[in-house]
Amino acid sequence: MCFWEDDPDQLRWPWSSDGANGVSLLHAQRSYVEWGAVHPDYTDKVRAARPSEPLDPGWRPIDDRIDNFETAIDRTAAWPDDLAELYWWRDTFWRHSPHLGGG
């Protein structure tokens, strides 16, 4: 796999490097496209996904033009009850709402 650990903080604030991975989710996605891992130092530690590890249907990289994430000011706001609502590509994304401007 890509050597990334799902981290709720980094899912909620993908521009932040605070959390389990040491780099932001946005940076990690760009690095994966370029090197096949979240950081070039990890390319010898990654592996291809197994058939038993399919990509979540509808998954796509973060797109700043359509995905609505909170700013640093919003870091005190309540969390969703279900952390799976932090997945931006799903219809259940907690900030997926016309009044929020999300995709």
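Residues numbered from 1 in each chain as written. Predicted model: local features only at pLDDT ≥ 70, side-chain atom pairs only at ≥ 80, totals over all residues. Heavy atoms only, no water.

Draft legend 1. Highlighting the overall build of the chain. On a plain count of helices and strands, the chain comes out with two helices and zero strands. The C-alpha radius of gyration computed for the chain amounts to 14 Å, which stays within 12% of the reference 13 Å derived for 103 residues, consistent with globular compactness. The C-alpha extent of the chain, read off along each of the three principal axes, is 45 × 30 × 25 Å. With 103 residues in all, the chain has 32% of them scored as buried. Nonlocal contacts in the chain, meaning residues at least 24 apart in sequence, comprise 55% of its contacts between residues at least 6 apart. For the chain, the accessible surface area stands at approximately 6700 Å², while carbon and sulfur atoms represent 54% of it. (Helix = DSSP H or I, 4+ residues; strand = E, 2+ residues; numbered from the N terminus. Rg over C-alpha atoms; globule rule 2.2 N^0.38 Å. Buried < 20%, exposed > 50% of the residue type's maximum accessible area, 1.4 Å probe, protein only. Contact = heavy atoms within 4.5 Å. Areas by Shrake-Rupley, 256 points an atom, 1.4 Å probe, with all protein chains shown as cover.)

Draft legend 2. Just the environment of Ile62, in detail. Residue position: Ile62 is located in the segment after α2 (25-35). According to the relative accessible area criterion, Ile62 is buried, its value standing at 13%. Along the chain, Ile62 and Ser52 lie ten residues apart, while their C-alpha atoms are 24 Å from each other. In this structure Ile62 touches Pro14, Leu25, Leu26, Gln29, Asp67, Phe69 and Trp88, once residues within four positions along its chain are discounted.

Draft legend 3. Examining the packing of aromatic side chains more closely. Using the criterion set out here, one finds seven aromatic pairs in the structure. Where Trp59 meets Trp88, the ring centres are 6.5 Å apart and the plane angle is 65°; that geometry is what we call edge-to-face. Residue Trp59 is located in the segment after α2, and its partner Trp88 is located in the segment after α2; the two are separated by 29 residues in the primary sequence. Residue classification places Trp59 among the partly exposed positions, given a relative accessible area of 32%. Joined through ring pairs, the aromatic side chains of Trp59, Phe69, Tyr87, Trp88, Trp89 and Phe93 make up one cluster. Here the basic side chain of Arg12 rests over the ring of Trp79, its NZ or CZ set 4.5 Å away from the ring centre. (Phe/Tyr/Trp six-rings, centres within 6.5 Å; stacked < 30°, edge-to-face > 60°. Lys NZ or Arg CZ within 6 Å of the ring centre and 35° of its normal.)

Draft legend 4. Broad picture of the nonpolar core. Counting residues in each nonpolar core, the largest one holds 14 residues, and the members touching the most others are Trp4, Leu11, Leu25, Ala28, Ile62, Phe69 and Trp88. Looking at this core element by element, the count peaks at three residues for α2. (Core = buried A, V, L, I, M, F, W, Y, C linked by side-chain atoms within 4.5 Å.)

Draft legend 5. The arrangement of the confidence of the model for the chain in detail. Per-chain confidence: the chain averages 85 in pLDDT, with 92% of residues scoring 70 or above. Taken together, the stretch residues 99-103 has pLDDT below 50 and engages in ten contacts with residues farther than four places along the chain or on a different chain. (pLDDT = per-residue confidence, 0-100.)

Draft legend 6. Examining the pattern of salt bridges more closely. All chains considered together, the criterion is met by seven salt bridges. One salt bridge connects Glu70 with Arg12, and the closest N-O pair in it is separated by 2.4 Å. Of this pair, Glu70 sits in the segment after α2 while Arg12 sits in helix α1 (residues 8-12), placing them 58 residues apart in sequence. Looking at Glu70, the relative accessible area reads 3%, which means it is buried. Between Glu53 and Arg47 there is a salt bridge whose closest N-O contact spans 2.9 Å. Because the salt bridges share partners, they merge into one network encompassing Arg47, Arg50 and Glu53. (Salt bridge = Lys/Arg side-chain N within 4 Å of Asp/Glu carboxyl O.)

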